[in-house]
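Single-letter residue listing:
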Amino acid sequence: MTSGGGGHRGLVLEEALLFEQGSPGQSGVDLPDPAPVIDRLGGLERKGPIGLPCLSEPEVVRHYTRLSQKNFGIDTVFYPLGSCTMKHNPRLNEKVARLAGFADLHPFQPESTVQGALEVMGQIAQWLKTLTGMPAIALSPAAGAHGEFCGLMTIRAAHDHRGEPRRRILVPDSAHGTNPASAAACGFAVEAVPANGRGRVDLAALRAKLGGDVAALMLTNPNTCGLFEDEILEIAEAVHSAGAFFYCDGANYNAIVGRVRVADLGIDVMHINLHKTFSTPHGGGGPGAGPTVLSEALAPFAPLPWLVHGPAGWQLREHAGPDAPQTCGRIKGFHGQFGVLLRALAYMLSMGGDGLRQAAEDAVLNANYLLVSLQDALSAPFPGPCMHEALFDDRFLKETGVTTLDFAKALIDQGFHPMTMYFPLVVHGALLMEPTETESKRTLDQFIATVKALAAQARSGGEAAEIFKAAPLQTPRRRLDETQAARQPVLRWRPA
Amino acid sequence: MSKIYFTKDHEWIRIEADIGTVGITDYAQHALGDVVFVELPDLGRQVAQGAEAAVVESVKAASEVYAPVAGEVTEVNEAIVVDPALVNQDPQGQGWFFRLRLANPAAVEGLLDEKAYDALIRALE
Amino acid sequence: MRYLPLSDADRQAMLAGIGARDIDALFRDVPAPACLDQPLPLPAHQSEMAVERHFVALAGKNLSAASAPMFIGAGAYRHHSPAAVDALIQRGEFMTSYTPYQPEVSQGTLQVLFEFQTQVALLTGMEVANASLYDAATACAEAAMMACRITRRDGVLISGDVHPHYAETTVTALQYAGPVVEQLAPDPLGFEDLLGRIDSRTACVLVQNPGFFGRLRDLAPLAAACHEMGALLVVVVAEPVSLGLITSPGEMGADIVVAEGQSLGNALNFGGPGLGLMATREKYLRQMPGRLVGQTLDADGRRGWVLTLSTREQHIRREKATSNICTNSGLCALAFAIHLALLGEEGLARLARLNHAGAVTLVEKIGQLKGVRILAPTFFNEFSVHLGRPAAPVVEALARQGILAGVPASRFYPSYPELAEVLLLAATETNSESEMDLLVASLKEQLA
């Protein structure tokens, strides 16, 4: 049975698993015969087959091409995913990353043979330090959560170094789950700070919780409700007065890049998601990169390697010792996500300082356009203006029988990827929309019209709820039974 | 004769002599959605009142089940490990989690009775 | 600017529609001291042509394996990736898609990952695998923490034949989390005694096979010793192509297997992004970090796939999660899966044989050099040699001649002077015999 809708029309047929295809002895790679040698395997040669399927190149290409056609991608549809910054992924970045002079470099070549690569790392470090106004940066974190871990490690090391074993981290209850998870990984206890009626951190509540055992506050700014923490200077002051550090989760940096110098907000450390703000592709779940800017106080504790520039050119300090006496250690293999850093730098050079500032402005403009255009049809918990994302809750669906989930699934049939659902947790049935700056007004107007029509339909009563509950209808698969998947996990194919 | 008490975290405990049977309420199972997995305490474990004794997971959430009163775990309900759906189908019957020998039988006096719990959940809605 | 669709007319119309005087009005919550009113000292936007020129110049400052014989391994291996791999991963529906949280529009990614999980389980000889981690180093750290959770013990023992980056990352990641990590001294000759060090506090022993210095080991006795003491055996594999020829860690009795997947489908890329693999026994499934894809049925009763067992993860369990990991290495996993699909059972076995045969050939040629000792009796495609003089200057000299002649052990172990003369060399199917002859002749010159 074929399925229609949003790019899937007539092209997508059922596609069997790789393991259900192919024939013995086949291969999609021609390899020469190995030279006849006496092996040096010490008797550890494998005895039986692995059980991998055998396919020719045409079969493999067809398999993966067909699979790709079942996916949405930012290349094909609008993803108003709050907190994700699904912006366009420029192909120039891909071309640059594939230059042999970058792609074919081994991380352990002598430094004299990779000065161009180290210079790429030096340049992106300089861009990020200049944009944020922060004096130091750790380039090795592999993702945002890894950057959080990196930053928290430096905070823990800094406090321990001072002889002050502070073990509490304060986290707003609107925070992304990685925040408390990262804190726990560094041996901290996590305590929630509530929001006030305006969707920002409750400053009085924060002050009450600060004490001699608080190591840091972790704050996302703009926050996960899409709002700028307007009391941030007071927050920073309170945190510092209590002897704690101020960690900023930079997931929403796209709202303020080029317009706000985050160092002047009083932050001590911030991770940056290159796969969000700086256009590197999401790839269906990575790879990302989470370089983390650091204050003077935290810089000595940064993880290895340290990139330095001296009379001998660019060098990597790869070991603790006199060169890096207080480093917290190594958090990843090799030197970091070089390919991702490279793509982000290509984007930065393309956009320039002026373009990045314009991008933030357009991102904020687009989000406010959505907020104002939809605030009557939907229900917004906080009055505008917002920053780069617009938050709604499910009050507009009250008594319709339609949930946030149903509403989001109905959007799919209209050719849009759903917005972020049920996050942040501080409002009921959250719908968080982040358009980014790479969407045209035309796309936004189409989206607005669609959402308004769906909202009206949801509220029309009668059988409307049934239609929403059945969505999506146009996709290769309808709603999937997640309960069964969790109760009886089948996580791999097995031979019959 | 058995008597049933409730906590504000939506656990119930049915007392018979000095043994209490503990589970989660219908309100809790409804809020969680389809239960997919449970983690039960070890036999013989001493739990304090309000301590985390078990974990119940649905597709989208995980929740702690706290000991309504202090005691020693004497029995666990393997049936809900094998078939977690029992928690949804019969939360106050076959969907029980574990049994405790109460450290202090008088501790139940601090818990909610059925009327008070019903009032609590009505206020939540 | 080519990536910004809004025109000035659009902006004006939208501002008017919002009722905002200008864009600054939307940034009114930003405190004045932090507002960037002056342009930053950064270049203005540039054309594609200019940006390309900039990077071609930077790339030109590097000596790559495309133009120089390259014999370095140490956790990153150069294989020939079929052209179809890169063509497929650049499809926009793969490259620009998001994490598959909405399964109805992500069946492509989800089926790929389900197949990937199967491939990893088969290769490692284990029952179940996850949908990837950042790299082998962080995977080792995650495996150690997983072992501590499972055994409820806090002792982690790391063999001296484990890649120093993997060991250091594990030590760093666990330093505030509770466990006590013992990292043994580097072990190029295979003398360390692991069995004698396992005790009732040991949660796991972490070993690498093939080892960092090249050696192959039968891990069955170690696995048995661990299990007898109630500890787990964690095996890390730096070169997954080796699994096409060598007994899998699962068959040897491993409880958790982690690996670096870069060498299949992914270029060297100066060491990143990486691809962490993790596989384990079914009974430890709920303690395994990372995303998992599971099979199920849709509303029409058709087979499909979803992310599952998410309650282990950070977005639900928050501070009690098995890990903080969110974004992982999806596109690298896709590249790995496609390369492996193209190779198939026969192709992988043949590729592995080619690698081993090449390394054996190189070992024989190097063994002819006076004063040079081969340290590993067994190996896959990487081995260590003792040069009889400091290796780092030799490597530098050969680099100046345009030969990337392995990596000196001193790069990893600067505080072990006894390792200063040890050189790690790898040979893959991309190294021709004439390249090997050139390497050997040049080494001979340096050692004379």
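**Some details on the overall build of chain B**
Consideration 1: Along its length, chain B carries 4 helices and 9 strands.
Consideration 2: Across chain B, helices and strands are ordered from the amino to the carboxyl terminus as β-β-β-α-β-β-β-β-β-α-α-β-α.
Consideration 3: Here the C-alpha radius of gyration of chain B, 13 Å, is about what a compact globule of 125 residues would show, namely 14 Å.

**Section: the overall build of chain A**
Consideration 1: The helix and strand tally for chain A stands at 13 helices and 12 strands.
Consideration 2: By the compact-globule yardstick of 23 Å for 496 residues, chain A fits well, its C-alpha radius of gyration being 25 Å.
Consideration 3: Buried positions account for 61% of the 496 residues belonging to chain A.
Consideration 4: Here the analysis covers contacts within chain A between residues at least 6 apart in sequence; of these, 73% occur between residues at least 24 apart.

**Concerning the nonpolar core**
Consideration 1: One finds Ala144(C), Val205(C), Leu206(C), Val234(C) and Val258(C) to be the most contacted residues of the largest nonpolar core, which totals 353 residues.
Consideration 2: Element by element, the count of residues in this core is highest for helix H9 (residues 338-374) of chain A, at 23 residues.
Consideration 3: The residue makeup of this core includes at least three contributed by each of domain 1 (83-338) and domain 2 (344-447) of chain C.
Consideration 4: Residues contacting Leu206(C), with those up to four places away along its chain left out, are Cys140(C), Ala144(C), Val156(C), Leu157(C), Ile158(C), Ser159(C), Val162(C), Thr170(C), Val234(C) and Val236(C).

**Some details on the interface of chain A and chain C**
Accessible area lost on assembly of the parts is the figure often given for the size of an interface.
Consideration 1: Across the boundary between the two partners, chain A contributes 170 residues, which contact 169 residues of chain C.
Consideration 2: When residues in the side of chain A that touches chain C are grouped by element, the largest group, 20 residues, is from H9(A).
Consideration 3: Within the side of chain A that touches chain C, the residues separate by chemical class into 85 nonpolar, 55 polar and 30 charged.

**What about the confidence of the model for chain A?**
Consideration 1: Mean pLDDT over chain A: 94, with 97% of residues reaching 70 or higher.
Consideration 2: Below a pLDDT of 50 lies the segment residues 1-8 of chain A, which in the model reaches 22 contacts outside its immediate sequence neighbourhood of four places, other chains included.

**A closer look at the packing of H9(A) against helix H11 (residues 441-458) of chain A**
Residues and elements named next belong to chain A.
Consideration 1: The geometry of H9 relative to H11 is characterised by a closest axis approach of 10 Å and an angle of 25° between their N-to-C directions. Put simply, H9 runs roughly parallel to H11. Of the two elements, H9 crosses H11, and the hand of that crossing is right-handed. Here H9 contributes Asn366, Tyr369, Leu370, Ser373 and Leu374 to the contact with H11, which in turn contributes Leu444, Ile448 and Val451.
Consideration 2: Of the residues assigned to the contact of H9 with H11, the class counts are 6 nonpolar, 2 polar and no charged.

**Some remarks on the sheet that holds strand E10 (residues 390-392) of chain A**
Sheet strands pair by backbone hydrogen bonding; their relative direction is either parallel or antiparallel.
All names here are of chain A.
Consideration 1: Within the open sheet, the 3 strands sit side by side as E10-E12-E11. Their pairing is antiparallel. For this open sheet the edge positions go to E10 and strand E11 (420-421), each flanked by a neighbour on one side alone.
Consideration 2: With 2 bridges connecting them, E11 and strand E12 (residues 431-433) associate as antiparallel partners. Bridge assignment links Thr420 to a residue of E12, and that residue is Leu432.

**Looking at the pairing of strand E13 (residues 422-426) of chain C**
All names here are of chain C.
Consideration 1: When you tally the buried positions in E13, you get 5 out of 5 residues, the bulk of the element.
Consideration 2: The two faces of E13 match: Val422, Leu424 and Ala426 on one face and Leu423 and Leu425 on the other face are all buried.
Consideration 3: Relative to E13, strand E11 (residues 382-386) runs antiparallel, the two sharing 5 bridges. Counterpart to Phe383 in the pairing with E13 is Leu425.
Consideration 4: Direction of pairing for strand E12 (residues 407-408) relative to E13: antiparallel, over a ladder of 2 bridges.

**Notes on the sheet that holds strand E7 (residues 62-66) of chain B**
Residues and elements named next belong to chain B.
Consideration 1: Read across the sheet, 3 strands follow the order E4-E6-E7 without closing on themselves; strand pairing throughout is antiparallel. Of all strands in the sheet, those with a lone pairing partner are strand E4 (35-39) and E7, marking the two edges. The average undirected angle you get between the axes of adjacent strands in this sheet is 25°.
Consideration 2: Pairing of strand E6 (residues 52-58) with E7 involves 5 bridges; the strand directions are antiparallel. By the bridge assignment, Ala54 is partnered in E7 with Val65.

Parameters and conventions
Residues numbered from 1 in each chain as written. Chains lettered and ligands numbered in written order. Predicted model: local features only at pLDDT ≥ 70, side-chain atom pairs only at ≥ 80, totals over all residues. Helix = DSSP H or I, 4+ residues; strand = E, 2+ residues; numbered from the N terminus. Rg over C-alpha atoms; globule rule 2.2 N^0.38 Å. Buried ≥ 20, exposed ≤ 12 C-beta atoms within 10 Å, placed from the backbone. Contact = placed C-beta atoms within 7 Å. Core = buried A, V, L, I, M, F, W, Y, C linked by C-beta atoms within 7 Å. Domains from an automatic or database assignment. Nonpolar A, V, L, I, M, F, W, Y, C, P; charged D, E, K, R; others polar. pLDDT = per-residue confidence, 0-100. Axes fitted to C-alpha atoms, helices over the stretch in contact; angles between N-to-C directions. Parallel < 35°, antiparallel > 145°, perpendicular 65-115°, else oblique. Left-handed = near helix turned anticlockwise from the far one by under 90°. Pairing = 2+ DSSP bridges.

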